[in-house]
Amino acid sequence: MEKFFKLKEHGTTVRTEVIAGITTFLAMAYILAVNPTILSEGGMDKGAVFTATAVSAAFATIIMGVFANYPVALAAGMGLNAYFAYSVVPMVKEMGVQDPWKVALAAILVEGIIFIILSLFKFREALVNSVPANLKYGISAGIGLFIAIVGLKGAGVIIGDASTLVALGDVGSAAVVLSIVGLLIIGVMWHFKVRGAILWGILITWVLGMLAEVSGWYSGASTIPNLAPENLLPPSLAPTFFQFDFSFASSHLMEFIMVVFAFLFVDLFDTVGTLIGVADQGNLLDKDGKLPRVGAALLSDAVGTVAGACLGTSTVTSFVESTAGVAEGGRTGLTALTTAAMFIIALFLSPIFLAIPSFATTPALVFVGLLMMKSVLKMKFDGDIADVIGGFVALIMMPFSYSIANGIMFGIIVWVILKVCTGKIKDIHPVMWVAFALFAIRIATLIIG
């Protein structure tokens, strides 16, 4: 352990690393309940998605721990899974594709392969630096709002309305009341720094749902898990394993490129931002503020994305919840290996995670949305007008158009046009020109089509 992970050099011990790894797992285990729920709404098999989520998380986290020696855990990313189920799948379905989620998995596979290539040539970091800071923060905050709306809609807190677009749901229903109670529980636990506050919020809300079901107040799908011995084995991966559909790319190439680009763009700086944030908290940056072995870390993330697509889940990315383990003293890859081991153990608890209803995951989605919204505090609203409006448009278009891709698209288009109009064309990086051209073509196809 000492020789491989260099524990003394990092000022840590095996016991500290193990505790840190368990802490990280508790902080991010909610993804095992949330991800199957979200992707199943896109037509995927919920049990298979659960297994794919756990296995891909364990696999990618092991790679991160062994090859990069960082205390960073990975899993299917929030925001990216919502884009998968609520943007890509409906768009592809409208074009007559029978299993649109297979097209989305194909796009993620392509994205992962591109990221592997970019990581090998150390081009990924340069790409991240080409995106304006205000645009990054606006996109991150917009995804937070989008995730929150997805959660509120799932529990019926927010419903559709013909005259006002959205309206308040039945505030007296069990689902709405319990989802709000769950959010309050997470808030109180977070205040008192309870480990795994988000996971505990989900579980407590779920238990309250069971009581509501028994009392006759809740009348939705059963919330009580079937813990029969035969159900304790992980669900089969067969329904989602290597289920790719590339035929869509041949008939709708531009749309497919746009989907890949949207996945690519969000994951691009999300991963780097998370890695830098975790490393900074753990004092892992060098004297120049750079992240040692960043290439190995980015490559681990990219390989995890490819593995996740093959298994049957949305983009696998580094989790900011890894900071919970770092706060407990985690400094090396042993923390990551411990978290990976916890994901493997969780495979045999599938009846519990799969029985969790949407109203119990709503508090988690809303709270994660809150955490992502904090990026708005870093936005500058009195600087360059292109940065200001571009970032703001990206932020508001995601929740209001119910699409992460639309937010990215309009944010970049507005930014480029304003840069040109204000005589700052030299500020536009070639990557941003490529993005602008792709999105302009996309808008043209929408107008023509």
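The structure presented is a predicted model; accordingly, all values stated were derived computationally and were not measured.

**Q** Hey, could you run me through the overall build of the protein in this one?
**A** Regarding its fold elements, the protein presents 20 helices and four strands. Over its C-alpha trace the protein gives a radius of gyration of 21 Å, about what one expects of a compact globule, namely 22 Å for 449 residues. Overall, the protein is about 65 × 65 × 45 Å in size when its C-alpha atoms are taken along their principal axes. The buried share of the protein, reckoned over its 449 residues, is 55%. When the accessible surface of the protein is summed, it comes to about 18700 Å², and 68% of that surface belongs to carbon and sulfur atoms. Between the averaged position of the 24 positive side-chain charges in the protein and that of its 27 negative side-chain charges there is a distance of 9 Å.

**Q** Honestly, the side chain of Thr51 in this entry has me stumped. Any pointers?
**A** Relative to the elements of secondary structure, Thr51 occurs in helix α4 (residues 46-68). At a separation of 2.7 Å, a polar atom in the side chain of Thr51 contacts the main-chain carbonyl oxygen of Pro235.

**Q** Could you clarify how one ought to interpret unusual backbone geometry in this entry?
**A** The bulk of non-glycine residues show a negative phi, and the bulk of peptide bonds are trans. Not every positive phi belongs to a glycine, and Lys6 is a case in point at roughly 55°. Structurally, the position occupied by Lys6 is in the loop between α1 (2-5) and α2 (14-28). The class of Lys6 is partly exposed, set by a relative accessible area of 42%.

**Q** Explain the packing of helix α3 (residues 31-40) against helix α17 (residues 358-373) here, please?
**A** How two helices sit against one another is set out by the angle between their axes and by the gap between those axes. Running from N to C, α3 and α17 cross one another at 110°; their axes reach a closest spacing of 10 Å. As summarised for this structure, α3 and α17 are arranged roughly perpendicular, according to the angle between their axes. In this structure, the crossing between α3 and α17 has a hand that is left-handed. Note on element contacts: α17 touches α3 through Ser358, Thr361, Ala364 and Leu365, opposite Ala33, Val34, Thr37 and Ile38. Residues that form the contact of α3 with α17 fall into these classes: five nonpolar, three polar and no charged.

**Q** How should I be thinking about the pairing of strand β2 (residues 158-161) in this particular structure?
**A** A regular strand carries its side chains on alternate faces of the sheet. Judged from the four bridges that link them, β2 and strand β3 (residues 165-168) form a sheet pairing that is antiparallel. Directly across from Ile159, in β3, lies its bridge partner Ala167. Connecting the antiparallel pair β2 and β3 is a turn made up of three residues.

**Q** Sorry if this is basic, but what is going on with the pattern of salt bridges here?
**A** Any two side chains of opposite charge can pair, given that their charged atoms come close. Across all of its chains, the model carries four salt bridges by this definition. For Asp99, the salt bridge is made with Lys102, and the minimal N-O distance between the two is 3.6 Å. Close ionic contact of Asp427 with Lys419 constitutes a salt bridge, the shortest N to O distance being 3.1 Å. Given the relative accessible area of 44%, Asp427 is considered partly exposed. For Lys419, a relative accessible area of 4% corresponds to the buried category. A single network of salt bridges, built from pairs that share partners, joins Asp384, Lys419, Lys424 and Asp427.

Here is what the cut-offs are and how they apply
Residues numbered from 1 in each chain as written. Predicted model: local features only at pLDDT ≥ 70, side-chain atom pairs only at ≥ 80, totals over all residues. Heavy atoms only, no water. Helix = DSSP H or I, 4+ residues; strand = E, 2+ residues; numbered from the N terminus. Rg over C-alpha atoms; globule rule 2.2 N^0.38 Å. Buried < 20%, exposed > 50% of the residue type's maximum accessible area, 1.4 Å probe, protein only. Areas by Shrake-Rupley, 256 points an atom, 1.4 Å probe, with all protein chains shown as cover. Lys, Arg positive; Asp, Glu negative; His and termini not counted. Charge placed at Lys NZ, Arg CZ, Asp CG, Glu CD. Polar contact = N/O pair within 3.5 Å; in protein donor to acceptor, adjacent residues only side chain to side chain. Axes fitted to C-alpha atoms, helices over the stretch in contact; angles between N-to-C directions. Parallel < 35°, antiparallel > 145°, perpendicular 65-115°, else oblique. Left-handed = near helix turned anticlockwise from the far one by under 90°. Contact = heavy atoms within 4.5 Å. Nonpolar A, V, L, I, M, F, W, Y, C, P; charged D, E, K, R; others polar. Pairing = 2+ DSSP bridges. Salt bridge = Lys/Arg side-chain N within 4 Å of Asp/Glu carboxyl O.

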